Amino acid sequence: MSTYDVAVIGSGPGGYVAAIRCAQLGMKTAIIEKYNTLGGTCLNVGCIPSKALLDSSHHYEEAIKHFEDHGIEIPGDVKINFKKMIDRKASVVEQTTKGIDFLMNKNKIDVLTGVGSFKDETHIVVSSEDGDKTIEAKNTIIATGSKPATLPFIEIDKERIITSTEALTLKEIPKHMIVIGGGVIGLELGQVYRRLGAEVSVVEYMDRIIPTMDKGQSKELTKVMKKQGVKFYTSHKVSAVERNKDEVTITATDKKDKEVTFKGDYCLVSVGRRPYTDGLKADNAGVKVNEKGQIEVNDHLQTNIKNIYAIGDVIRGAMLAHKAEEEGVLVAEILAGQKPHINYNLIPSVVYTWPEVASVGKTEEQLKEDKVEYKSGQFPMRALGRSRASGDTDGFIKILADKETDEVLGVHMVGARAADLIAEGVTAMEFRASAEDIASMSHAHPTYAEAVKEAALAATENRPIHS
Ligand code: FAD
Ligand code: NAD
């Protein structure tokens, strides 16, 4: 029987990063993955393929709507070869997952293909078509991730009533896609299909889209996406989803309790994801799973069984690839006797629509709730020379700072390349910078990052230069 210092179950961004860090720290490591490709949700059916389709559809939209503004004329019609777009996405996924094979090899990590299940606290059975194989592991890291959630009355048929997984491999562009849930997946994939010509209706239970982000961001993104032709039905509670051949009917009640129906050819269900522990047989090791289906962990990400840890989407907290990665590193370093730390307040969130939406730290709503006195500085992207040069004038950057100390408490943005710009907010907050610190740093001109400086100037002394 093979024996390991660490066995990692699941090869998503949590699992594969944990495995690499364990190997770097000198531990004999195995990674168990039930699928034939490594990389988990993120690389196979999540972050990477969704961003590939967002980029392809963005290029198309630029070509049909904005090239002309730049004096670029295309003789004849611009056409979509949807199959090629989907094939390109598949090849991006393939290259990326192959990169993980390379990294496993480089770090001498044993890759075991099959479903991993606990036999007891130190033995894991790996089951595949070739039979069962048992390994012994001094420590185990559970990184089994998540799967799409649904509503009790919805049957996902994977053809017309679909989740993000199927939405990434459709064979045709929908005529009318009804999206249930105006969160990250609904908006990213809704925008992809809107750009490709589908009618898109987003039905959201809460009174605003991306309800966990700052209210100002919801408002701005709603405005921009409405301009792009997406229809929003907020404060709508979906009560039924039915399919009749190629037609899907969604029934919902609006805030006045009036019944509304939507008819389309596809319904994307994007109401969140659930932690995934099917087939893991956690109870054989005595590992506690809570009522939400999450593996319970303490601050060191240790389960109730001392040699078993859990990370990523299968535990509490944001379901984000970079959060899972940080947790993978943290557990590996704990196992090596180090004392690592994660500041969960500084895990940024991004929605990769265009304009992008990005946040770190506290929202205005959270600060009000926590009764923290704060000041806010906001700068519109349209006031930047860089934005006018590119034509990306939607959005703003907002900096929230402590009223007394000026320490930055939150950075919230909507705009071109916000996903990359948010790193400045994370860095500033990690070093506990004040708004004045950011305001007094030189930002290259002309860049979108100048809006960060201007927002900081607005927060510090309400003295932005360009607005
Ligand atoms: P996962 O990536 O879910 O990996 C878990 C792995 O464990 C899977 O490969 C699974 O097959 C395997 N597994 C499960 N049980 C077993 C078992 N018993 N034995 C063996 N293997 C097992 N996050 C971002 O930060 N940025 C984004 O842009 C982003 N975009 C997304 C887009 C979409 C459409 C989706 C669905 C998600 C997106 N996410 C994004 C979320 C991100 O994918 C997850 O937060 C991340 O993948 C979680 O990593 P993980 O390692 O915890 O789990
Ligand atoms: P989400 O939690 O972001 O959004 C779900 C939305 O559905 C919410 O707005 C919620 O109010 C709404 N909702 C819930 N029940 C509803 C109902 N009955 N009727 C109508 N609306 C309802 O979840 P998601 O978009 O499915 O994404 C799942 C996870 O994947 C998220 O946690 C997210 O972090 C991760 N993800 C991240 C990215 C990214 O980082 N860019 C991209 C995609 C997915």
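Before going into details, it helps to say that this report is about the structure given with it. (Residues numbered from 1 in each chain as written. Chains lettered and ligands numbered in written order. Predicted model: local features only at pLDDT ≥ 70, side-chain atom pairs only at ≥ 80, totals over all residues. Heavy atoms only, no water.)

Quick look at the pattern of salt bridges
Two side chains of opposite charge can pair, provided their charged atoms sit close to one another.
Alright, step 1. Following the criterion strictly, the structure yields 22 salt bridges and no others.
Alright, step 2. In this structure, the salt-bridge partner of Asp87 is Lys83, at a minimum N-O distance of 2.8 Å. A residue pair is termed a helical-turn pair when its members lie 3 or 4 positions apart in one helix, as Asp87 and Lys83 do in helix 4 (residues 82-106) at four residues.
Alright, step 3. Ionic pairing is found between Asp246 and Arg160, a salt bridge with its closest N-O pair at 3.7 Å. Here Arg160 lies in the loop between strand 7 (146-148) and strand 8 (161-162) and Asp246 lies in the loop between strand 12 (237-244) and strand 13 (247-253), a separation of 86 residues in the sequence. (Salt bridge = Lys/Arg side-chain N within 4 Å of Asp/Glu carboxyl O. Helix = DSSP H or I, 4+ residues; strand = E, 2+ residues; numbered from the N terminus.)

Points about the pairing of strand 19 (residues 356-361)
Every regular strand shows the same layout, with side chains that alternate between the two sheet faces.
Alright, step 1. Taken across its six residues, strand 19 has six buried, putting it largely inside the fold.
Alright, step 2. Judged from the three bridges that link them, strand 18 (residues 349-351) and strand 19 form a sheet pairing that is antiparallel. By the bridge assignment, Ser349 is partnered in strand 19 with Ser359.
Alright, step 3. Counting the residues that bridge the hairpin from strand 18 to strand 19 gives four residues.
Alright, step 4. Where strand 19 and strand 22 (residues 408-415) come together, six bridges link them in antiparallel fashion. Its bridge partner being in strand 22, Val360 is matched across the sheet by Val411. (Buried < 20%, exposed > 50% of the residue type's maximum accessible area, 1.4 Å probe, protein only. Pairing = 2+ DSSP bridges.)

Function-wise, these values are silent; they only describe arrangement.
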